[in-house]
Every structure is written in C-alpha cells, then in structure tokens.
Amino acid sequence: MSEYVSPEKQRLIIEKLYYSTDSITSTEKFNKKYQKQLGRMGEKTITLYDFAQKLKKTDFKQFDIRRFIKDITGQDVHL
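So, here is what we can say about the structure in this document. What you see is a predicted model, and the numbers here were worked out from it, not measured in a lab.

### Some points on the packing of helix α1 (residues 7-17) against helix α4 (residues 62-73)
And step 1. Packing of α1 against α4 leaves a shortest axis separation of 9 Å and a crossing angle of 135°. By the angle class used here, α1 and α4 are oblique. Seen from above, α1 lies across α4 with right-handed handedness. Facing α1, whose interface residues are K9, L12, I13, K16 and L17, α4 presents D64, I65, F68, I69, D71, I72 and T73.
And step 2. Taken together, the residues of the contact of α1 with α4 sort by class into seven nonpolar, one polar and four charged.

See the structure below:
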C-alpha cells in the first residue's frame, strides 16, 4: 500500500529543509528554483515515494530529506 503526503506536510518538510519558520515562503522559494525540473510542490497530494524521489533530485542532503520526512510523516523512506 502506498503512503501519501499531503500538500501541508510537503510544505512543512520543505520548510525544514530550508531551516526556516515559514512554510509558505520556503515552498515558494523551492518552487521558484525547482518547478521546471520537478513540477510544483505543496499543492496536491502525491505518494511519499514520488515526493522523496523528487527531493532527491535537489541540492538538499539525502540525510536531511530522510530525517525531515520521518519527522513530519512518521514514515521512513529509502532513497
């Protein structure tokens, strides 16, 4: 069974990746940089696997991606 990540949780994970306290601004910054490559994030529910794979294609460290996904969703993902 696939796990899904809501837009709200996507925004919270992106906020943590930027070490920010504002998920909206962080998501806008993320989308400005990566939208052409990955599509817009934080707007629709997608599978956790697809979300993690998209984040893997960014400049963020895989350790941080896995850690923050686990913190927010409670799910461990393997990149």
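### A word on the side chain of T27
And step 1. Looking at the element boundaries, T27 is found in helix α2 (residues 23-38).
And step 2. In this view, T27 contacts R11, I14, M41 and G42; residues no more than four positions away in its chain are not counted.

### Considering the packing of aromatic side chains
And step 1. Counting across every chain of the model gives five aromatic pairs.
And step 2. Summarising the aromatic geometry, the rings of Y19 and F68 are spaced 5.9 Å apart at their centres and angled 80° between planes, so their arrangement reads as edge-to-face. Linking Y19 in the loop between α1 and α2 with F68 in helix α4, this pair joins segments that are 49 residues apart in sequence.
And step 3. The exposure class assigned to Y19 is exposed, which follows from its relative accessible area of 58%.
And step 4. Taken together, Y18, F30, Y34 and F60 form an aromatic cluster joined through their ring pairs.

What counts, and at which threshold
Residues numbered from 1 in each chain as written. Predicted model: local features only at pLDDT ≥ 70, side-chain atom pairs only at ≥ 80, totals over all residues. Heavy atoms only, no water. Axes fitted to C-alpha atoms, helices over the stretch in contact; angles between N-to-C directions. Helix = DSSP H or I, 4+ residues; strand = E, 2+ residues; numbered from the N terminus. Parallel < 35°, antiparallel > 145°, perpendicular 65-115°, else oblique. Left-handed = near helix turned anticlockwise from the far one by under 90°. Contact = heavy atoms within 4.5 Å. Nonpolar A, V, L, I, M, F, W, Y, C, P; charged D, E, K, R; others polar. Phe/Tyr/Trp six-rings, centres within 6.5 Å; stacked < 30°, edge-to-face > 60°. Buried < 20%, exposed > 50% of the residue type's maximum accessible area, 1.4 Å probe, protein only.

Read these as geometric descriptors, not functional statements.
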